[in-house]
Amino acid sequence: MRVILRTKPRKKPFIPIEAETIIPQNFLRKNDVRVYEGNKERRLEEIFYITTEGPAVSPDQVEIVLSGETGNIKRVGEYMNAGRIVVEGDIGMHCGNFMSAGEIVIKGNADAWLGREMRGGTIRCEGNAGHYCAAGYRGEKRGMRGGLVEVMGSAGDFTAEYLCGGEVRIHGDCGDLPGVEMRGGNLTIGGHCHRPCGNMTGGTCMVFGRVHDMLPTFRGAGNEEREYRGQRCQMMLYKGDAANRGKGSLLVKNIEQDGLSPKKK
Amino acid sequence: MKIDDVVCPFCGCLCDDLVVEVEGTRVVSVENGCTLANEKFMGDHRLKTPIHREGKGWKETTYDEAIRETAEILCDADRPLLYGWSGTHGEAQSIGIHLAEILGALVDNTSTVCHGPSILAIQEVGHPGCTLGQVKNRADVVIYWGTNPIDAHPRHMSRYTTFADGFFLKEAFRDRKLIVVDVRKSESANIADEFVRIQPGGDYAVLSALRAIVQGKRGIIPPSVAGVSREQLFRVADLLLSAKFGAIFFGLGLTMSRGKSKNIRNAIELTEELNRHTKFIISPMRGHWNVYGSNEVFTWITGYPYAVDFARGIAFYNPGETTSVDVLSRKECDACLVVASDPGAHFPKACAEHLARIPTVQIDPHVNATTHLSRIQIPVAVTGIDAEGTAYRMDGVPIRTRMLFRGTYPSDTAVLEQLYAIVKEIKGP
Amino acid sequence: MSEFLIRNAYVIDPLSGIKGEIMDIAIRNGRIAEEVGSNAEVIDADHCLTLPGGIDSHSHVCGTKVNFGRYMSPEDMRAGRTARKGVMHVTSGYSVPTTFGNSYRYSVMGYTTVLEGAMAPLEARHTHEEFTATPHQDMLANTLFDGNWSIMEAVREKDMKRAAAVVAWTLSAVKGFAIKLTNPGGTEAWGWGEDVHSIQDQVPHFGVTPAEIIQTMIRANELLNLPHSVHLHCNALGVPGNYRTTLDTIDLVPDLNDKRQSLYLTHLQFHSYGGSTWKDISSKSEDIARAVNNKPAVAIDMGQIMFGRTTTMTADGPMEFKLYMLHHNKWSNHDVELETGSGIIPVYYSRKSLVNCVMWAIGIELALLVKDPWRCMLSTDNPNGAPFVKYPEIIALLMSRRFRENEIALLDPRTAHYVPLPAIDRELDWYDIAVMTRAGQAKALGITGIGKGYLAPGAEADIAIYPLKPESLDPSAEYQQVMAGFGKTRYTIKRGRVVARDGDVVVEGANSTIWTRSTVPPGYDLSVDPEFMKKFEQYYTIRMSNYPVQDVYLPRGICIPTEASL
């Protein structure tokens, strides 16, 4: 089954739509799907032109396609556990939060908190992601614990905060403190970033671009080889964050690094 | 008429030992206050009546009309914002939150541009603190990090720290060590025993280094961190470890520089680490006299200290999403009520532009930058002068502000109660 | 005003000697009446269990450290949120609910009176503001004196009357109800990052011992003729082997009051540990229960823990720091100048932890081994042991051996080696539960005099009608029904108004705060005492005239006046 949702013009287009109801299982049986626009509840038809093609007997056979002005539609795919969602353009905050299975593809950019507290499944963003991509919830000790979040462009600050399991791959740059508080899982950054892995206690982060302002509390632990996009790279290995008694691994490509130079011990 | 033990409604110090002389409905002298207090009590130029925008000018209106129109504006909106709160008493803040609840509105206070990041850090790692009297009576090492009390909290040092004699420190100025950490040599830095100058944006790295040193990992530290020499880092760490009671006070130097809440978190984790060796506390230098009060009232009613969104009929909290600067710069709000604060002066330009674009109403005694963005302004009594109510000091101690004289203005509580009643009537059961 | 008649109620009213009778209850103007007219609204209780409204004698729901617990725990807030519904406001919070959350959840369970476990006098105003926002329960405040400088100085001078004068001034100033001591001496030591480890340790600088503080305060309490006794959170909470401290403390207690206990020991589960390290911690409930059984001057509450997550919060600052060192969860601390301390840290009690399994057993053992239900009341030290919404489950465990067996089977298998619980057969009955959840509290707190805790004419019409039929329900077998039934009343009536029905609160509340004022002879009036005033002039950071809680904070306050015998 393919459900195509195309946005209708709205009187107040800057008010975000809260759409956690847009998940594959809700379209199996013509459910009365509701969303929120500010403090008003709306039926799905008030916000989208809806076209449904073909049958499905289980949620994993459902594909939802979102198109139009989707940049401030929030919570799409929240708690999703089967099926596929494709966003033709940009997507709003909290896309794929708590996802445990299934696939989300975003052809444009994703706003903040993409894939927060993810448990499983796959999210692929072809554009850029905002702040707190694949992060955890403030106050909880563990964040994303499984699945894959892949961003072809760049991501904002605090990417993969509290990461404890799963894979996060940012092919472009990251902002400040990617991997901050991480304790498990794998974070890969293809481009540049600032101050990676502050307060890290476990897990592995690899940076293939430049690291700016490397934090002073990481201990050099030799060199290792890693592969990225078919290329073999020499990496400097650091263990830390010592400030937090951490035993995580931060691997940084052995190229000229500026800011506080990473030490070789 | 002289009134003793007056509470000053300006900064988070919430000094309560002012002696004020009142003649009729004017304060004519203030003793024991700092220059900020003098100005607050004596330089009080009020808006005389409610005003309503008319073309490029203003016309006077009545309280009843202004309040009714405000109610209609808020009820018509799909995403209204009720912002401010820090400059009024708790009873009014409480009504504001209940108002937001029945409107399905966003409600936020000035923490959002001030110590919001501190709150976020506390939500990650907790807050090992105490009341200010503990510091006054016991602290032998005091650190001001990213804050300049001589300017912003003028009596902090004389009432609570450097110059305040306490039970266990009879000669404070001699017995206490003062460390100031800043990016520039501020006035407070000038009187410090140890001044640590950090490169802008380098606080996080320095805090990480200090944590490692306190844990005994001196060997890992490079020759300098963010412009601070290793020698000075060791010296500072030793000072901290040798304290019998250390107190760290921090301000916007940490909350509003790169890393924001993570800077505070790092400072709190340093404090927690130090507690393994000796007694240490950390506390934010709250700006407004009742911003902590708005956090307290918000929390016991909604569960969250600021940035609460009632649009879905529950209390939802997510700074970055439900915070005023974000919802205004994204142009999400379609109406705004500003109470006891001045976002026109403090918010980014994009937010001020949006406030001007949407129907904005301000409840405030004075003409300020926000007036120029509003459609309606309703003047009220000033809490601590002609209105009374509860305030919470920067350390959480609640003190009741005094009404010095009975004026002609209604209090925030009176106006908000009337507004609430009309909104309830419009919304129905 | 309104008249109500409850018909066919299965009433257990221990204070009136009613142990399970079908009766009618007449209500007029908020009080139980002899009879009412034919216009009275009728509720048919249909043989359902009808008890006086629940009274919680130790719960942390209002005040500085509770609000700290809320505001530092957004993950707890989102775990327990409810939407606006009818007159009910939005609520948030699982283990530390917002004030309306607490009030509604207590009301739905039939509770109409709650004693806040700890209020620091300096911050009393905050507690009172939150009391008003907990609108469906009458509230009382335990007022902290454990680290109070004026008290410790009086103790050092062996001046019991001066200690009483300090208490009288303070309770009256801050509208408190009773004397609370939390780790006496320890909270002052924590001002320097230290603690006391036994009741004979000296408090740094002040040179007094916890034993001296406790003994002086017990006597001061009786000199003031206060309705409640001293309410004590013993030293060494949570430390393996601490049962000895508890026994030593019980030994200190004189019998000074014929109406109630002379010392109330709270959350005693946390103080009943044998062993010497976390590896061999064991239950000493038998020794503790024996001591309590032999000492009528002592009453206790359980402090039961239940598995799952919760938030610990107490005035016992050093203990909370120890928990931080053990678990490394986020930790808050808040010492209060010249008075006391506090600490807050979230915890998770797990069946996979042998230590937690032992703790879980001890609370239940205390309730089953203390023979007199009047002297062992039900509590979880909410939220330290568990949120109060778990009380129904605890009741079911106490009433059903089978339920206990099923639960014991889920514990760490080594538990049986360290605790006597599997061998205890006793099952409490409906009467015991009625005593342990309301009548006992009313007696222990000394509030029967204002009409709380019983249903005879003249009493306050605080009533809970539970969907349970004791005539046909065997609690030993049907423990799931017991649990469900105590979790949601059919009706909760407060001061003669129906406030909750079948899980929903149906009216706005208008509660009262109950406080005590002890009149002392002029020679003991500390408001003109230079030594006492000096504390405000030099050491406090608030002026003496700004310290007392103004009347405006208690819109419907109920003052219990007493005459001090000084």
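Computed from a predicted model, the values in this text were never measured in an experiment. (Residues numbered from 1 in each chain as written. Chains lettered and ligands numbered in written order. Predicted model: local features only at pLDDT ≥ 70, side-chain atom pairs only at ≥ 80, totals over all residues. Heavy atoms only, no water.)

K.L.:
Describe the overall build of chain A, with residues and values.
P.N.:
When its secondary structure is counted, chain A shows one helix and 19 strands. Against the globule reference of 18 Å for 265 residues, chain A gives a C-alpha radius of gyration of 20 Å, in line with a compact fold. If one aligns the C-alpha atoms of chain A with their principal axes, the spans along those axes are about 65 × 35 × 30 Å. For chain A, restricting intrachain contacts to residue pairs at least 6 apart in sequence, the fraction spanning at least 24 positions comes to 36%. Of the side-chain charges in chain A, 38 are positive and 33 negative, and the distance between the mean point of each set is 3 Å. (Helix = DSSP H or I, 4+ residues; strand = E, 2+ residues; numbered from the N terminus. Rg over C-alpha atoms; globule rule 2.2 N^0.38 Å. Contact = heavy atoms within 4.5 Å. Lys, Arg positive; Asp, Glu negative; His and termini not counted. Charge placed at Lys NZ, Arg CZ, Asp CG, Glu CD.)

K.L.:
Requested: an account of the pattern of salt bridges, with residues and values cited.
P.N.:
Taken as a whole, this structure holds 89 salt bridges over all chains when the rule is applied. A salt bridge links aspartate 16 of chain B to arginine 159 of chain B, with the shortest nitrogen-to-oxygen separation between them at 3.5 Å. On the criterion of sequence distance, the pair formed by aspartate 16 of chain B in the loop between strand E1 (2-6) and strand E2 (18-23) and arginine 159 of chain B in helix H7 (residues 156-159) is long-range, its members being 143 residues apart. With relative accessibility at 1%, the residue aspartate 16 of chain B sits in the buried group. In this structure, lysine 535 of chain C and glutamate 153 of chain C form a salt bridge, with 2.9 Å as the shortest nitrogen-oxygen distance. Taken together, the residues span a long stretch of sequence, with lysine 535 of chain C in helix H17 (residues 530-539) and glutamate 153 of chain C in helix H5 (residues 149-156) at a distance of 382 residues. (Salt bridge = Lys/Arg side-chain N within 4 Å of Asp/Glu carboxyl O. Buried < 20%, exposed > 50% of the residue type's maximum accessible area, 1.4 Å probe, protein only.)

K.L.:
Hey, could you go over the sheet that holds strand E3 (residues 34-37) of chain A for me, with residue numbers and the actual values?
P.N.:
Residues and elements named next belong to chain A. Strand order in this open sheet of four strands is E4-E3-E2-E7, and the pairing throughout is mixed. At either margin of the open sheet sits one strand with a lone partner, and together these are strand E4 (40-43) and strand E7 (73-74). Taken together, the two bridges between strand E2 (residues 17-18) and E7 define a ladder with parallel strand orientation. The partner of glutamate 18 across the bridge, within E7, is lysine 74. (Pairing = 2+ DSSP bridges.)

K.L.:
I'd love a proper account of the domain arrangement of chain A, names of residues and values included.
P.N.:
The domains assigned to chain A are domain 1 (1-76) and domain 2 (109-265). Here domain 1 of chain A and domain 2 of chain A have C-alpha centroids that lie 33 Å from each other. (Domains from an automatic or database assignment.)

K.L.:
Can you tell me about the packing of aromatic side chains, naming the residues and giving the values?
P.N.:
The geometry of an aromatic ring pair is captured by the separation of the ring centres together with the interplanar angle, meaning the angle of the planes. This model, assessed by the stated rule, comprises 40 aromatic pairs over all chains. Their ring planes at 90° and their centres at 6.4 Å tell us that phenylalanine 245 of chain B and tryptophan 192 of chain C sit as a pair that is edge-to-face. With phenylalanine 245 of chain B in strand E14 (residues 245-250) and tryptophan 192 of chain C in the loop between helix H7 (186-189) and helix H8 (210-223), this residue pair bridges two chains. Arranged with centres 5.4 Å apart and planes meeting at 35°, the rings of tryptophan 190 of chain C and phenylalanine 321 of chain C form a pair that is tilted. (Phe/Tyr/Trp six-rings, centres within 6.5 Å; stacked < 30°, edge-to-face > 60°.)

K.L.:
Summarise the environment of threonine 513 of chain C; cite the residues concerned and give the values.
P.N.:
Residues and elements named next belong to chain C. Summarising the element assignment, threonine 513 is placed in strand E23 (residues 513-519). Each C-alpha atom of the pair threonine 513 and phenylalanine 307 lies 33 Å from the other, and the pair is 206 residues apart in sequence. Leaving out residues up to four positions away in the same chain, threonine 513 has contacts with His128, Phe131, Met139, Leu554, Arg556, Gly557 and Ile558.

K.L.:
Before we move on, could you go through the packing of helix H2 (residues 63-76) of chain B against helix H18 (residues 412-427) of chain B and cite the residues and values that matter?
P.N.:
Residues and elements named next belong to chain B. Remark: H2 packs on H18, axes separated minimally by 9 Å, with the N-to-C direction vectors making an angle of 50°. One element, H2, and the other, H18, form an angle in the oblique class. Considering how the two elements wind past one another, H2 and H18 form a crossing that is right-handed. Residues Asp64, Ile67, Arg68, Thr70, Ala71, Glu72, Leu74 and Cys75 of H2 form the contact with H18, whose own contacting residues are Val415, Gln418, Leu419, Ile422, Val423, Glu425, Ile426 and Lys427. (Axes fitted to C-alpha atoms, helices over the stretch in contact; angles between N-to-C directions. Parallel < 35°, antiparallel > 145°, perpendicular 65-115°, else oblique. Left-handed = near helix turned anticlockwise from the far one by under 90°.)

K.L.:
So, the interface of chain B and chain C: which residues are in play, and what are the values?
P.N.:
One widely used convention gives an interface's size as the accessible area the parts lose upon coming together. Chain B puts 63 residues into the contact, and the matching count from chain C is 57 residues. For the pair chain B and chain C, the two sides together bury roughly 5300 Å², of which 54% comes from carbon and sulfur. At the surface where chain B touches chain C, the tally comes to three salt bridges. Ionic pairing is found between aspartate 5 of chain B and arginine 543 of chain C, a salt bridge with its closest N-O pair at 2.8 Å. Of all the secondary-structure elements, those providing two or more residues to the side of chain B that touches chain C are helix H3 (90-103), helix H4 (116-125), strand E8 (128-130), helix H5 (132-138), helix H14 (291-302), strand E17 (316-317), strand E21 (389-392) and strand E22 (398-401) of chain B. Partitioned by chemical class, the residues of the side of chain B that touches chain C number 26 nonpolar, 17 polar and 20 charged. Inspection of the sheet shows E8 of chain B paired to strand E16 (residues 332-335) of chain C by three bridges, in the parallel sense. Pairing of proline 128 of chain B across the sheet is with asparagine 333 of chain C, part of E16 of chain C. (Buried area = accessible area lost by both parts, 1.4 Å probe. Nonpolar A, V, L, I, M, F, W, Y, C, P; charged D, E, K, R; others polar.)

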